[in-house]
Amino acid sequence: MTETRHSVCALDCPDCCSLLVTIEDGRGVKLRGNPDHPVTRGFLCGKVAQYLEREYSPGRLLYPQRRTGAKGEGRFERISWDEALDTVAGRLKSIAAELGPEAILPYSYKGSMGFLNSGGMDLRFFHRLGASQLDQTICSTAGAAGLNKALGVRYGTEPEQFRNAALILAWGANVLATNIHLWPFIMEARRNGARLYTIDPHRNRTGAASDKHFSINPGSDTALALAMMHVILGEQLYDADYVARYTEGFDGLRERVRHWTPQRAAELTGIAAEEIVSLAREYATTRPAVIRLNYGVQRSERGAMAVRAIALLPVLTGSWKDIGGGLQLSTSQAFHVNRAGLSRPDLQQKALDRSARVVNMTELGTALTELRNPPVRAIVVYNSNPVAIAPNQNAVLSGLRRPDLFTVVLEQFQTDTADYADILLPVTTFLEHTDVYFAYGHYYLQLARPALPPPGETKSNVEIFRLLAERMGFADACFRESEDDMIRTLLDTQHPFIKGITLEELDRNRFVRLRIPEPFQPFAAGGFGNSDGKCHFDAESLDYTPPVESRFGESSLRAKYPFELISPKSHDSMNSTFGHRDSVDRQTARLHLNVGDARRLGVRTSDQVRIHNDRGSCILMAQVDDTVSEGVVCAPSVRWAKRAPDRRNVNALTSERLTDAGGGPTFYSCLVQVERIGD
Ligand SMILES: Nc1nc2c(c(=O)[nH]1)N[C@H]1C(S)=C(S)[C@@H](COP(=O)(O)OP(=O)(O)OC[C@H]3O[C@@H](n4cnc5c(=O)[nH]c(N)nc54)[C@H](O)[C@@H]3O)O[C@H]1N2
Ligand SMILES: Nc1nc2c(c(=O)[nH]1)N[C@H]1C(S)=C(S)[C@@H](COP(=O)(O)OP(=O)(O)OC[C@H]3O[C@@H](n4cnc5c(=O)[nH]c(N)nc54)[C@H](O)[C@@H]3O)O[C@H]1N2
Ligand code: SF4
Ligand SMILES: [Mo]
């Protein structure tokens with residue numbers, strides 16, 4: 001018996017692929033991309049093409065467990081669901097009674113991107129409980145703040161239009177690794193003569209496959225964007241008509257960028273002044289020119305400003321008027337579903353008569369070790385692996401080792417974080433549960449029904465929080481809703497992009513284009529998010545200073561820690577999600593080091609190196625090459641820390657310092673020292 005079922009990839013990836021699962025005798029035997037989906041177009045990335053390895057891996061967690069060894073040791077025994085749920089509900093109740101419910105902290109991110117399993121029943125539960133709220137900053141909030149400031153809205157050019165571009169700038173965007181479904185559109189454009197340029201401190205596979213690579217110093221993008229504006233305005237290459245109609249504050253901007261000469265930017269960015277001039281000219285005079293800006297630029301101390309400055313470029317050139325012009329950072333805000341109906345923040349009033357305090361997830365280490373009134377006494381982790389992915393790992397670990405902290409982890413695998421659980425609950429994969437998905441790299445809303453049976457005693461997040469709500473005695477009707485009820489609530493909105501999309505339509509078609517025009521050109525005639533529909537340059541607040549942790553930052557730090565560490569996404573992983581695979585472990589154990597630096601340090605490829613700073617250290621394997629400039633080291637991430645000889649990964653070195661806006665992490669503003677420890 002062979003049949004094919006639909007699914008959707010739930011991983012935290014802009015492409016949000018439509019999947020086809022081939023099933024033989026009840027077992028999934030093949031996964032492929034849906035050829036009918038306009039962005040998936042019949043293929044998958046390497047990591048998910050092999051997802052059935054993960055689905056049927058002997059490493060899958062199948063039963064509820066209780067910790068028997070020390071925290072972090074990873075020894076557990078099987079218990080029943082009844083015992084597990086009673087233990088969790090009992091402890092949460094007693095902690096809430098003793099210290100107030102804000103002593104309970106949910107910790108989650110996007111292990112699943114599904115609305116119901118990340119931001120549905122879970123949030124209803126924590127809102128009703130009155131638990132601390134988690135500010136989910138770990139990925140993109142700096143970029144969101146920057147884009148909002150520039151455009152007032154967080155969406156942009158649709159991927160399908162990249163085929164029409166004549167110049168494509170991949171700016172802090174590793175398209176071949178993190179957004180591979182954009183690549184065929186870029187290739188189509190290139191076959192028609194378009195050029196692809198990359199702007200990135202690491203010449204990765206995307207950089208190597210581009211027509212030109214600009215190796216930029218980490219965290220200096222704002223300087224480059226301001227100097228490009230200097231050239232574009234100085235040489236009258238801007239679209240005066242577009243600027244006059246749809247923007248505010250142009251004179252202030254002209255004044256502001258006057259001093260941002262290419263020479264000044266060259267010193268800060270490491271890109272020669274002539275190169276900056278020719279890039280600016282080419283960008284402004286080629287039509288259509290599109291920017292694929294990704295989140296790499298905003299994981300630095302000035303990340304929000306960088307996104308803001310870059311997002312102003314297509315406004316100045318009027319590139320938003322062109323099909324295949326403009327810029328894409330994210331498409332997510334176009335999914336104007338009824339999130340409040342789904343997550344029910346109003347339920348906090350029942351527990352607290354107010355909104356609960358907010359904890360920034362980037363500051364987890366501090367929250368677990370220093371927060372008072374009340375301290376965090378319980379943490380419930382799901383859709384995330386904070387031991388591996390949060391900055392300041394040593395602080396996170398000391399927090400999780402606290403004997404008085406009650407830790408619950410909902411997981412598919414025995415991750416670094418699962419090792420610290422008091423109660424460990426086994427969850428389903430996206431192939432096994434119902435959910436609805438938005439995308440941050442296209443404009444299709446999608447539904448997935450279970451394609452495969454849940455193995456062992458696994459349950460979805462939705463089901464687990466539903467059962468916990470019952471045990472807590474939460475009588476509200478929303479805790480008894482089915483998945484379909486929740487989806488109907490999610491779609492219950494008057495926003496024109498969503499209005500009229502029904503569960504039935506999703507069930508019939510699986511993917512549905514948002515109710516947006518085709519082609520979608522949101523800013524072709526203004527339409528910016530300010531009340532007057534214009535883009536406000538607000539140039540007085542537009543400026544650049546180098547990150548504290550950078551080559552032009554604090555000199556005392558720089559003297560001790562002369563290398564700028566970036567830890568971008570590795571090709572075959574999804575943050576830490578595939579960390580159980582040996583091939584991924586090898587990829588994320590590497591440190592790219594420039595040839596000149598390596599010679600001075602006496603390091604050769606395959607040597608073990610220790611990188612360290614005041615926060616911690618980790619051991620990696622050197623890869624000496626010319627993919628990074630002198631003074632920059634690059635460690636593709638995120639490794640399972642427990643697989644390293646010292647049980648640490650690069651996040652032992654990254655800091656909790658927040659970005660200039662949006663409260664985001666500064667993973668890529670990190671000064672370190674490198675030393676050879678052996679071969
Ligand atoms: N294969 C794979 N795909 C993924 C993921 C993964 O782990 N692996 N993770 C997913 C997630 S969570 C996200 S958020 C997206 C992110 O997708 P991307 O934003 O594309 O990924 P990053 O690797 O964070 O950053 C992109 C590029 O920015 C570069 N960069 C670093 N610092 C700077 C800088 O200061 N300036 C400039 N111009 N470039 C800089 C990095 O070297 C990298 O090549 O990818 C998703 N897709
Ligand atoms: N040094 C460094 N650190 C980084 C980054 C970096 O570039 N460099 N990137 C940052 C970014 S952009 C992000 S988004 C974060 C990502 O951080 P996380 O969101 O924590 O991502 P993952 O490491 O992929 O962990 C997701 C976990 O969720 C589990 N999971 C999957 N589906 C489900 C489900 O349905 N239910 C439950 N309960 N669990 C599920 C998976 O098994 C996996 O262990 O990492 C950040 N950390
Ligand atoms: S990780 Fe991204 S590219 Fe790979 S299958 Fe999932 S959505 Fe598609
Ligand atoms: Mo992310």
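Here's what I pulled together on the structure shown here. (Residues numbered from 1 in each chain as written. Chains lettered and ligands numbered in written order. Predicted model: local features only at pLDDT ≥ 70, side-chain atom pairs only at ≥ 80, totals over all residues. Heavy atoms only, no water.)

### A closer look at the packing of helix H9 (residues 221-234) against helix H13 (residues 273-285)
So, step 1. Across the interface, H9 lies against H13 with an axial gap of 9 Å and an inter-helix angle of 65 degrees. The angle between H9 and H13 falls in the class roughly perpendicular. The hand of the H9/H13 crossing is right-handed. Residues Leu224, Ala227, Met228, Val231 and Ile232 of H9 pack against Ile276, Val277, Leu279, Ala280, Arg281, Tyr283 and Ala284 of H13. (Axes fitted to C-alpha atoms, helices over the stretch in contact; angles between N-to-C directions. Helix = DSSP H or I, 4+ residues; strand = E, 2+ residues; numbered from the N terminus. Parallel < 35°, antiparallel > 145°, perpendicular 65-115°, else oblique. Left-handed = near helix turned anticlockwise from the far one by under 90°. Contact = heavy atoms within 4.5 Å.)

### Comments concerning the pairing of strand S2 (residues 18-24)
So, step 1. With six of seven residues buried, S2 lies mostly within the body of the structure.
So, step 2. Note: strand S1 (residues 2-8) against S2, seven bridges, orientation antiparallel. When the bridges of S2 are listed, Ser7 appears paired with Leu19.
So, step 3. Taken together, the six bridges between S2 and strand S3 (residues 27-33) define a ladder with antiparallel strand orientation. Paired with Glu24 across the strands is Arg27, a residue of S3.
So, step 4. Hairpin connection of S2 to S3: two residues between the antiparallel strands, including Asp25 at a positive phi of 50 degrees. (Buried < 20%, exposed > 50% of the residue type's maximum accessible area, 1.4 Å probe, protein only. Pairing = 2+ DSSP bridges.)

### Notes on helix H3 (residues 81-99)
So, step 1. Its 19 residues place the ends of H3 27 Å apart at the C-alpha level, agreeing with the 27 Å of an ideal helix rising 1.5 Å per residue.
So, step 2. Buried residues along H3 sit against strand S6 (104-108), helix H4 (121-129), strand S15 (378-382), strand S16 (406-411), strand S17 (423-426) and helix H20 (461-472).
So, step 3. Following H3 by one or two positions, Gly100 has its phi on the positive side, about 95 degrees. (Expected span 1.5 Å × (residues − 1).)

### Brief notes about the site of ligand 2
So, step 1. Among the 33 residues in the neighbourhood of ligand 2, the closest are listed as Ser384, Glu411, Lys569, Ser576 and Thr577.
So, step 2. One nitrogen or oxygen atom from the main chain of Gly111 is found 3.5 Å from a nitrogen atom belonging to ligand 2.
So, step 3. Here Ser567 contributes a backbone N or O atom positioned 2.9 Å from a nitrogen atom of ligand 2.
So, step 4. Burial of ligand 2 by the surrounding chains reaches 98%, relative to a free accessible area of 920 Å².
So, step 5. Tallied by class, the residues present in the shell around ligand 2 amount to 12 nonpolar, 15 polar and six charged.
So, step 6. Lining the shell around ligand 2 are residues from two domains, each supplying at least three of them: domain 2 (66-134 + 345-513) and domain 4 (555-676). (Near = heavy atom within 4 Å. Polar contact = N/O pair within 3.5 Å; in protein donor to acceptor, adjacent residues only side chain to side chain. Areas by Shrake-Rupley, 256 points an atom, 1.4 Å probe, with all protein chains shown as cover. Nonpolar A, V, L, I, M, F, W, Y, C, P; charged D, E, K, R; others polar. Domains from an automatic or database assignment.)

### Comments concerning unusual backbone geometry
So, step 1. Going from Arg287 to Pro288, the amide bond is cis rather than trans, its omega being -10 degrees.
So, step 2. Checked against the element boundaries, Pro288 lands in the loop between H13 and strand S12 (289-293).
So, step 3. A cis amide bond, omega -10 degrees, links Asn373 with the succeeding residue Pro374.
So, step 4. Assignment of secondary structure puts Pro374 in the loop between helix H17 (364-370) and S15.
So, step 5. Even without glycine at this site, Arg344 takes up a positive phi of about 55 degrees.

Honestly, that's just the spatial picture; any functional story needs more than this.
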